[in-house]
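Examining the three-dimensional arrangement
Here is what each chain is made of, one letter per residue.
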Amino acid sequence: MDLPRNADTRKSSGSNPKRDEEEALGIKLGFYIHDTSRLRRAIFDAAFKAAGVTRTQGWGLAILGRQDNLAQAERAALLEIGKVAVGGLIARLEALNFVERRPDAKDRPIKRVSLTPAGGQVLTKMRKVSVDPNVDILAGIDIEDIRVTARTLKAVKESLLKRQKGEPVSKQ
């Protein structure tokens, strides 16, 4: 969809019904993404509570589970949050004995963050409590629709990240 730039979205132009429909669809999609994210967060807050962590802590542990032993700055980039915020998250996870910080072998001021055995157990619990909500959320949706939606949302995310960095967003 190639929406026009600087369009007055408060009212229909009337002169181009196709463009008006595309603008409305873009706005509707934004609302669906927002509402879906909000509802999903609420469901996973409850699920992760059963695993003994907050959603934010679970998010941090999930990233660690995929890429262990990263420096704090690398972790901040992966989580798309600032170094100070990720430092606070890591401190909370460390206080719970879910992660540990160790000096980098080559550059001692750099701290590498790794999952502890207790953190690995919580990650396993998180995966288990995530299964049912994910199954329920996607129930009745054709697998090909899920694939298309995943590709679409990935492209939307990439466009948002480019825009956030001030980079041009390519039109395909």
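Residues numbered from 1 in each chain as written. Predicted model: local features only at pLDDT ≥ 70, side-chain atom pairs only at ≥ 80, totals over all residues. Heavy atoms only, no water.

Remarks on the pairing of strand S3 (residues 111–115)
Under the convention used in this document: Note on pairing: DSSP must find at least two bridges between two strands before they are called paired. Starting at the N terminus, helices and strands are each numbered in turn, a helix being any DSSP run of H or I of at least four residues and a strand any DSSP run of E of at least two.
In this structure, strand S1 (residues 70–71) lies alongside S3, joined through two bridges in antiparallel fashion. Residue pairing for S3: Ala-71 is matched across the bridge by Arg-112.

Some thoughts on the packing of helix H1 (residues 17–50) against helix H5 (residues 117–138)
Note the threshold: Here an angle of 0 to 180 degrees is reported between the N-to-C directions of two axes, which are lines fitted to C-alpha atoms, with helices fitted over the stretch in contact. Here the word oblique covers every angle except those under 35 degrees (roughly parallel), over 145 (roughly antiparallel) and from 65 to 115 (roughly perpendicular). Left-handed describes a crossing whose near helix is turned anticlockwise from the far helix by less than a right angle; the clockwise case is right-handed. Contact definition: two residues touch when any of their heavy atoms are within 4.5 Å.
Where H1 meets H5, the closest approach of the two axes is 9 Å, and the angle between their N-to-C directions is 150 degrees. With respect to their mutual orientation, H1 and H5 come out roughly antiparallel. Here H1 runs over H5; the crossing is right-handed. Along the contact surface, H1 presents Arg-40, Ile-43, Phe-44, Ala-47, Phe-48 and Ala-50, while H5 presents Met-126, Val-129, Ser-130, Pro-133, Asn-134 and Ile-137.

Quick word on the sheet that holds S3
As summarised here, the arrangement of the three strands in space is S1-S3-S2, forming an open sheet in which the pairing is antiparallel. The two strands at the open ends of the sheet, each matched to only one other strand, are S1 and strand S2 (99–103). Contacts from helix H2 (residues 55–66) reach S2 and S3 within the one sheet, and its direction differs from that of S3 by about 95 degrees.

Thoughts on the environment of Thr-116
By secondary structure assignment, the location of Thr-116 is in the loop between S3 and H5. A C-alpha to C-alpha distance of 9.1 Å links Thr-116 and Glu-94, two positions 22 residues apart in sequence.

Some words on the layout of surface pockets
In plain terms, the rule: Both cavities and pockets are sets of points on a 1 Å grid over the protein atoms alone; in a cavity a 1.4 Å probe fits but cannot get out, in a pocket the set is open with protein on both sides within 12 Å along at least five of seven lines, and lining residues sit with an atom within 4 Å of a point. Grid points are joined across faces, edges and corners, and a volume is the space filled by probe spheres set on the points.
Its volume calculated, the largest pocket comes out at about 1,800 Å³. Taken together, 37 residues make up the lining of the largest pocket; nearest its centre are Thr-36, Ser-37, Arg-40, Leu-153 and Lys-157. Among the elements of the structure, H1, H2, helix H3 (72–79), H5 and helix H6 (143–165) are those that each provide at least two residues to the lining of the largest pocket. Ranked by residues supplied to the lining of the largest pocket, first place goes to H1 with ten residues.

Focus on unusual backbone geometry
Of note in the backbone geometry, Asn-97 takes a positive phi value of approximately 65 degrees without being a glycine. Secondary-structure assignment places Asn-97 in the loop between helix H4 (83–95) and S2.

Details of the side chain of Ser-130
Here Ser-130 is to be found in helix H5. When neighbours within four sequence positions are excluded, Ser-130 is seen to be in contact with Phe-44 and Phe-48.

What about the nonpolar core?
Side chains that are nonpolar tend, in soluble globular proteins, to be buried together. Quick reminder of the rule: Residue types Ala, Val, Leu, Ile, Met, Phe, Trp, Tyr and Cys, when buried and joined through side-chain atoms within 4.5 Å, form a set referred to as a nonpolar core. Burial classes: relative accessible area under 20% of the type maximum marks a residue as buried, over 50% as exposed, and values in between as partly exposed (1.4 Å probe, protein chains only).
Grouped together as the largest cluster of nonpolar side chains are 19 residues, with contacts concentrated most on Val-53, Leu-61, Val-99 and Met-126. Every element with two or more residues in this core is listed here: H1, H2, H4, S3 and H5. In terms of residue count, the dominant contributor to this core is H4 (four residues). Contact partners of Val-99, with chain neighbours within four places excluded, come to Leu-61, Leu-64, Ile-90, Leu-93, Glu-94, Val-113, Ser-114, Leu-115 and Thr-116.

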